[in-house]
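# Results of the structural survey
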Amino acid sequence: MQVEFMKELILALDLLDREEAVNIALDTSDFVDRIKVNYPLVLSVGIDVVKELSKINPVIADFKIADIPYISSKIAEIAFKNGASAVIVHGFVGRDTVKAVLNVAKEYSGEVYVVSELSSEGAEEFMIKHSIEIVKLAKELGCHGVIAPATRIDRLIRIREVAEGLKVFCPGIGFQGGSLEAIKYSDGIIVGRAIYLATNPRDEAMKLKKIISDYDVRSNSL
Ligand code: BMP
């Protein structure tokens, strides 16, 4: 029986230099499913880097959009116009903003991912209290997925249950100390520094993709 590999490796390309970013994207592209760009890269080298990277792999524009609907939809529009295939929005801002971003995404056949609770410790102060409601909102509005922490597996499991039918992508593996076990409970992992700061980013991406594929084989044989 043929095994389908579903779980993804998403490269968080948080570099400040365009050439270095593009070179690492090219070098790791055989093992990476998507590239996630964030403010450090875009604010350093310009939004058009999204277009360039999207020729290598689909790009998720992680601008963690969290503004009034009017501004949020403008940010999403700029991301999609520049070749992003998905954007990340914050859910704590409420349904009007998430809806506005979804409406823009529809025009571009793009995807919208919603942050449930950040992988960092500070999420325990405020976000954790509302993250399940945020996931429910993402589901109700028809978003494509949520971002959930690899640093708190118990929370990830709970979020996964509530997010049934949505994709769950997990940052936090590597420098943030998150567990590889997150692969089991997610549709993909988001990894930055552990790849782009490695002596050999290609080897690191290959290793991670192999671990992910092994989880895929296991879940297919259950
Ligand atoms: P790193 O693997 O270097 O820790 O990078 C993680 C990436 O995932 C960063 O781009 C960060 O913005 C993002 N991220 C995160 O770390 N935690 C979250 O909860 C949500 C994120 O998007």
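Let us look at the structure shown here.

About the thresholds
- Residues numbered from 1 in each chain as written.
- Predicted model: local features only at pLDDT ≥ 70, side-chain atom pairs only at ≥ 80, totals over all residues.
- Heavy atoms only, no water.
- Helix = DSSP H or I, 4+ residues; strand = E, 2+ residues; numbered from the N terminus.
- Expected span 1.5 Å × (residues − 1).
- Buried < 20%, exposed > 50% of the residue type's maximum accessible area, 1.4 Å probe, protein only.
- Contact = heavy atoms within 4.5 Å.
- Core = buried A, V, L, I, M, F, W, Y, C linked by side-chain atoms within 4.5 Å.
- Pairing = 2+ DSSP bridges.
- Salt bridge = Lys/Arg side-chain N within 4 Å of Asp/Glu carboxyl O.
- Near = heavy atom within 4 Å.
- Polar contact = N/O pair within 3.5 Å; in protein donor to acceptor, adjacent residues only side chain to side chain.
- Areas by Shrake-Rupley, 256 points an atom, 1.4 Å probe, with all protein chains shown as cover.
- Axes fitted to C-alpha atoms, helices over the stretch in contact; angles between N-to-C directions.
- Right-handed = clockwise from strand over helix to strand, strands pointing away.

### Let's talk about helix H5 (residues 95-107)
- End to end, H5 covers 19 Å across 13 residues, agreeing with the expected 18 Å (1.5 Å per residue, within 8%).
- Along H5, the residues classified as buried are Thr 97, Val 98, Ala 100, Val 101, Leu 102, Val 104 and Ala 105.
- Elements in contact with the buried residues of H5: strand S3 (59-65), helix H4 (69-81), strand S4 (86-90), strand S5 (111-115) and helix H6 (131-141).
- Ser 109 sits one or two positions beyond H5 and adopts a positive phi of about 50 degrees.

### Brief notes about the nonpolar core
- In this structure, Leu 9, Leu 13, Leu 53, Val 146 and Ile 189 are the most contacted members of the largest nonpolar core, which totals 65 residues.
- Among the elements that take part in this core, H6 stands out by supplying six residues, more than any other.
- Ranked by size, the runner-up nonpolar core spans 12 residues in total, among them Ile 10, Ala 12, Ile 60 and Ala 86.

### Remarks on the pairing of strand S1 (residues 8-12)
- In terms of burial, S1 is largely enclosed, as five of its five residues are buried.
- Residues of S1 alternate between two faces, with Glu 8, Ile 10 and Ala 12 on one and Leu 9 and Leu 11 on the opposite face, all of them buried.
- Inspection of the sheet shows S1 paired to strand S8 (residues 188-191) by four bridges, in the parallel sense. Directly across from Ile 10, in S8, lies its bridge partner Ile 190.

### A look at the environment of Leu 43
- Within the secondary structure, Leu 43 sits in helix H2 (residues 39-45).
- Residues Leu 43 and Leu 16 lie 27 residues apart in sequence; the distance between their C-alpha atoms is 8.3 Å.

### Thoughts on the pattern of salt bridges
- Overall, the coordinates contain 17 salt bridges when judged by the stated rule.
- Residues Arg 160 and Asp 187 are paired through a salt bridge, measuring 2.8 Å at the closest nitrogen-oxygen approach. Of the two residues, Arg 160 is situated in helix H7 (residues 153-162) and Asp 187 in the loop between strand S7 (167-171) and S8; the sequence distance between them amounts to 27 residues.

### Thoughts on the site of the ligand
- Around the ligand, the structure places 17 residues, and the nearest of them are Asp 14, Lys 36, Lys 64, Ser 119 and Arg 193.
- At 2.9 Å from an oxygen atom of the ligand is found a side-chain nitrogen or oxygen belonging to Asn 38.
- Contact between the ligand and Ser 119: a nitrogen atom at 2.6 Å from a side-chain N or O atom of the residue.
- Burial of the ligand by the surrounding chains reaches 90%, relative to a free accessible area of 480 Å².
- For the shell around the ligand, the secondary structure elements donating two or more residues are S3 and S8.

### What to know about the sheet that holds S1
- Reading around the circumference, S1-S2-S3-S4-S5-S6-S7-S8 is the order of the eight strands in this closed barrel, with parallel pairing throughout. Strand-to-strand twist across the sheet, computed as the mean angle between neighbouring axes with direction ignored, equals 25 degrees.
- In the sheet, S3 pairs with S4 via three bridges, with the strands oriented parallel. From the neighbouring strand, Ala 61 faces S4, where its bridge partner is Val 87.

### Concerning the side chain of Ser 131
- Structurally, the position occupied by Ser 131 is in helix H6.
- Relative accessible area serves as the criterion here: at 0%, Ser 131 is assigned to the buried category.
- A polar contact is formed between the side chain of Ser 131 and the side chain of Glu 117, at a distance of 2.6 Å.
- Side-chain polar atoms of Ser 131 contact the backbone oxygen of Ile 128, separated by 3.4 Å.

### Side note on the pairing of S5
- Burial runs high along S5: four of the five residues are buried.
- The parallel pair S4 and S5, bridged by H5, forms a crossover whose chirality is right-handed.
- Remark: the S5/H6/strand S6 (residues 145-147) crossover connection has right-handed handedness.

### Considerations on unusual backbone geometry
- Notably, Lys 64 is not glycine yet its phi reads approximately 35 degrees, a positive angle.
- Locating Lys 64 in the fold gives a position in strand S3.
- Positive phi, normally seen in glycine, also occurs at Ser 109, with a value near 50 degrees.
- Note on placement: Ser 109 falls in the loop between H5 and S5.

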